[in-house]
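Analysis of the macromolecular model
This is what each chain is made of:
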Amino acid sequence: EKGGYPHYMLKEIYEQPRVLENTLGGRLSEARAGVELDLRVDPTRFERVHIVACGTAYYAAWVGKYLIEGLARVPVEIDVASEYRYRDPVVDERTLAIAISQSGETIDTLEALREAKRKGAGTLGVINAKGSSITREVDDTLYIHAGPEIGVASTKAYMAMLGAMAMLAVWMGRARGTLPEAEARTFLGELRKMPRLVEQTLEKRQEIAHIAEKYHQAADYLFLGRHIQAPTAYEGALKLKEISYIHAEAYPAGEMKHGPIALIDERLPVVVLTTESPIYEKTLSNIQEVRARGGRVIAVATEGDLEVRRFAQDVIYVPRTHYLLSPMVSVVPLQLLAYETAVLLGRDVDQPRNLAKSVTVE
Ligand code: M6R
């Protein structure tokens, strides 16, 4: 049932191009330069969006914040669900609360959603599991169609969540008049290409296995990224921690100089997300700061970027895309890095210690 793969996680990583096709399937409308989501929620009624989620789904929420704010110009707050439910959030009828969850059963996410609902928010679930608890309590559900995910470390569900958040952002932006037709067309054109681009990143497996080999004895890893790639850094660190048990920390790259820079020495591998974006140069200077202190840099960069080679020991190239979609191509090498590292260390990839697939207790 693992389809010839040694682990479910690897199978699910390889399923991502097909999964993304399913997520987007039939929902992108060429004719209207928009997205058809078949939701009852009125995207023009809200003044603010709150997104709640846990773990990997929380990083999808974080990516979603940049997408929705960028394309629909609505303020978005994101919260780890276990924090949201106890922080007495400011919510009213003009708030749309979105819960993101693969299982639809995560108790903290469900309770955070209930809290928003009690306070009058409209509610939307971005969910994988059909008919799960969260889908029964929300006004509306946007299914991500990732299919069953068995590996405890979430991979394909994350990819599908990112696809869903990109569609939601376009849907809101078009309805609210903040996303002009031409811009929507360009963005959707890039989104439509994404399954193919994700497929291309899978071809990097050997290269990544090589990097994993080089660094699998490290005691710690640091992951850095800015803007919409900050959550990618966090997701990369989470994957590595979960299945290899190597301590990994993520930081928004610009925060490095406020503390974590003290950790850098020749034993510390630093993964830097440095794909093309309006702030590319800023991240490049972070790489130089790491290098100047002897750190080992593994850069995830856009195909064709030769400049980054001058500063990074290793470069993993990913295909060029719209910078708001860069997390989709960039997370794949980080999933593979975590996977290859865990395998080298002899870890139980599909059933990491102390973890459950869905966390239904507080
Ligand atoms: O089912 P959910 O998406 O609500 O699960 C949320 C987290 O428990 C989950 O993403 C967890 O962090 C994974 N083990 C990450 O790989």
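Predicted model, so just to flag it, every value in this text is computed and none were measured. (Residues numbered from 1 in each chain as written. Predicted model: local features only at pLDDT ≥ 70, side-chain atom pairs only at ≥ 80, totals over all residues. Heavy atoms only, no water.)

A complete count under the given rule lists 2 cavities of 30 Å³ or more for this structure. Size it by volume and the largest cavity reaches roughly 100 Å³. Lining the largest cavity are 13 residues, and of these R226, Q229, T275, S277 and I279 sit closest to its centre. In this structure, the second largest cavity encloses a volume near 60 Å³. Taken together, the residues that form the lining of the second largest cavity break down as 4 nonpolar, 4 polar and 2 charged. (1 Å grid on protein atoms, 1.4 Å probe; cavity = no way out; pocket = protein on both sides within 12 Å on 5 of 7 lines; lining within 4 Å. Points joined across faces, edges and corners; volume = space filled by probe spheres on them. Nonpolar A, V, L, I, M, F, W, Y, C, P; charged D, E, K, R; others polar.)

Ranked by internal contacts, the top residues of the largest apolar core, which has 98 residues, are I51, I98, I100, L168, Y221 and F223. The leading source of residues in this core is helix α7 (residues 156-176), at 15 residues. In this view, I98 contacts V49, H50, I51, V52, L124, V126, L168 and M172; residues no more than four positions away in its chain are not counted. Counting residues in each nonpolar core, the second largest holds 21 residues, with V272, A301, V308 and Y317 among its members. (Core = buried A, V, L, I, M, F, W, Y, C linked by side-chain atoms within 4.5 Å. Buried < 20%, exposed > 50% of the residue type's maximum accessible area, 1.4 Å probe, protein only. Helix = DSSP H or I, 4+ residues; strand = E, 2+ residues; numbered from the N terminus. Contact = heavy atoms within 4.5 Å.)

Further remarks concern the side chain of Q335. Structurally, the position occupied by Q335 is in helix α12 (residues 326-344). With residues up to four places along the chain from it excluded, the contact list for Q335 reads M9, I13, Q16 and T155.

As paired elements, strand β8 (residues 220-225) and strand β9 (residues 247-252) share 6 bridges and run parallel to each other. In the strand pairing of β9, G225 is matched with P252. Viewed along the sheet, the connection from β8 through helix α10 (residues 230-244) into β9 turns out right-handed. (Pairing = 2+ DSSP bridges. Right-handed = clockwise from strand over helix to strand, strands pointing away.)

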